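# Understanding the architecture of this molecule
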Amino acid sequence: MNLTAPHLPFALLWSLLKWIDAPGSIPFLVICLAAGLIVRLAAPRARRATTAWFVAVAALYLALALPAVAALISGALPRPHGRELRAGDRIDVLVVFDGDNRRGRVREAQRVYLMAQPNEVWSLGWEPWMHAALAQAGVPRARLYHDAATTTTREQIAWVASRLRASPVLQLAVVVSRLQAPRVEALMRAERLSPVLVVAPADVEPAGGGLRAFVPTYFALRISRDALYEHAALRYYAWRRWTR
């Protein structure tokens, strides 16, 4: 990635934030708790301030774990224009991007495979779990492929672009989670690509209403975390002019 000097500080900050992850993640929680502990040990007189800090962190995570909050944060993402594939639709190559909510992606890929019977099913991403999960879901290993070199969403899009430009008549479908879909769609639009975008649900969707929407759950916390990451990623991609 060729970075000019004005872009370098922001890019380094983005790389650091990717490593820390979004609020709601375990790394972010550990860093927040460690920061508070360091201040308490270094400045005993700041005990009241650090106690307030710990309470604030706990309150933040409690709020992010509420299904109602998760729905609010994820609902603020742009609505993707993916379409549901139906019986009779032709798909030659099915591509599954690695990322959040892997189980939801695998379930959706299994549904599409059983319906369209594509000749090739690709999992893109360094994580081998999805490749194995697709095989367990019933995709024959003779039709299953994995490219571990595509470690970022932009590299995955570049892979799709290369495949489509080499075979313009190819019917290709891409499976992503509902949270990542807006960013993937924006990248495809910028690259003038038009594969079928298949939007997969989350591994476990949080409660949508009633009292359960205000009962904290780990699954809601994950949705909040992933949605916050996508909000930041969309803005960063637009700032870098990777999307339009």
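Rules and cut-offs
- Residues numbered from 1 in each chain as written.
- Predicted model: local features only at pLDDT ≥ 70, side-chain atom pairs only at ≥ 80, totals over all residues.
- Heavy atoms only, no water.
- Helix = DSSP H or I, 4+ residues; strand = E, 2+ residues; numbered from the N terminus.
- Buried < 20%, exposed > 50% of the residue type's maximum accessible area, 1.4 Å probe, protein only.
- Contact = heavy atoms within 4.5 Å.
- Phe/Tyr/Trp six-rings, centres within 6.5 Å; stacked < 30°, edge-to-face > 60°.
- Pairing = 2+ DSSP bridges.
- Axes fitted to C-alpha atoms, helices over the stretch in contact; angles between N-to-C directions.
- Expected span 1.5 Å × (residues − 1).
- Core = buried A, V, L, I, M, F, W, Y, C linked by side-chain atoms within 4.5 Å.
- Patch = residues over 30% accessible without salt bridge, like charges linked within 9 Å, V, L, I, M, F, W, Y side chains within 5 Å.
- Areas by Shrake-Rupley, 256 points an atom, 1.4 Å probe, with all protein chains shown as cover.
- Salt bridge = Lys/Arg side-chain N within 4 Å of Asp/Glu carboxyl O.
- Left-handed = near helix turned anticlockwise from the far one by under 90°.
- Nonpolar A, V, L, I, M, F, W, Y, C, P; charged D, E, K, R; others polar.

Below, the discussion takes up the overall build of the chain. Helix and strand counts for the chain come out as nine helices and five strands. Secondary structure elements in the chain, listed N-terminal to C-terminal, are α-α-α-α-β-α-β-α-β-α-β-α-β-α. When the backbone C-alpha atoms are referred to their principal axes, the chain occupies close to 70 × 50 × 30 Å. Expressed as a percentage of its 244 residues, the buried residues of the chain come to 45%. If you take every contact in the chain between residues at least 6 apart in sequence, the share linking residues at least 24 apart comes to 74%.

Enumeration over the complete set of coordinates arrives at seven aromatic pairs. Taking the centre distance of 5.1 Å and the plane angle of 80° together, the rings of Tyr 237 and Trp 242 count as edge-to-face. When sorted by exposure, Tyr 237 lands in the same class as Trp 242, which is buried. Grouped by ring-pair contacts, the aromatic residues Tyr 236, Tyr 237, Trp 239 and Trp 242 constitute a single cluster.

Spatially, the five strands line up as an open sheet ordered β3-β2-β1-β4-β5, and their pairing is parallel. Of all strands in the sheet, those bounded by a partner on one side alone are β3 (144-147) and β5 (196-200). Between one strand axis and the next, the sheet turns through 25° on average, direction left out of account. Bridging between strand β4 (residues 172-177) and β5 involves five bridges; their strand directions are parallel. If you follow Ala 173 over to β5, its bridge partner there is Val 196. Relative to the sheet, helix α6 (residues 129-136) contacts β1 (93-97), β2 (120-124) and β3, its axis offset from that of β3 by approximately 170°.

On to helix α5 (residues 102-116), then. Since the α-helix packs 3.6 residues into each turn, any two residues three or four apart lie on the same face. Between the first and last C-alpha of α5 there are 21 Å, a value that for 15 residues agrees with the 21 Å anticipated at 1.5 Å per step. Where α5 is buried, its residues meet β1, β2, α6, β4 and β5. The positive-phi residue at the C-terminal boundary of α5 is Gln 117, with phi of around 50°.

One finds Val 95, Phe 97, Val 160, Leu 172 and Val 174 to be the most contacted residues of the largest nonpolar core, which totals 23 residues. Contributions of two or more residues to this core are made by β1, β2, α7 (153-166), β4, α8 (181-190) and α9 (218-239). At five residues, the largest contribution of residues to this core is made by α7. Among all residues touching Val 174, those that are not within four sequence positions of it are Val 95, Phe 97, Val 160, Met 188, Pro 195, Val 196, Leu 197 and Val 198. In this structure, Val 112, Met 130, Leu 134 and Ala 173 belong to the second largest nonpolar core, which totals 22 residues.

Further remarks concern unusual backbone geometry. Here Arg 192, not a glycine, exhibits a phi torsion of approximately 55°, which is positive. Checked against the element boundaries, Arg 192 lands in the loop between α8 and β5. Note on Arg 192: relative accessible area 71%, which makes it exposed. Even without glycine at this site, Arg 241 takes up a positive phi of about 65°. Locating Arg 241 in the fold gives a position in the segment after α9.

With that settled, consider a nonpolar patch on the surface. Residues Val 204, Tyr 218 and Phe 219 make up a contiguous nonpolar surface patch of roughly 280 Å² in combined accessible area. Counting through the fold element by element, Phe 219 comes out in helix α9.

The next subject is the packing of α5 against α6. Contact geometry for α5 and α6: axes closest at 10 Å, N-to-C directions at 40°. As α5 packs across α6, the resulting crossing turns out to be right-handed. Within the contact between the two elements, α5 uses Arg 102, Arg 103, Arg 105, Val 106 and Ala 109 and α6 uses Trp 129, Met 130, Ala 133 and Leu 134. Grouping the constituent residues of the contact of α5 with α6 by class yields six nonpolar, no polar and three charged.

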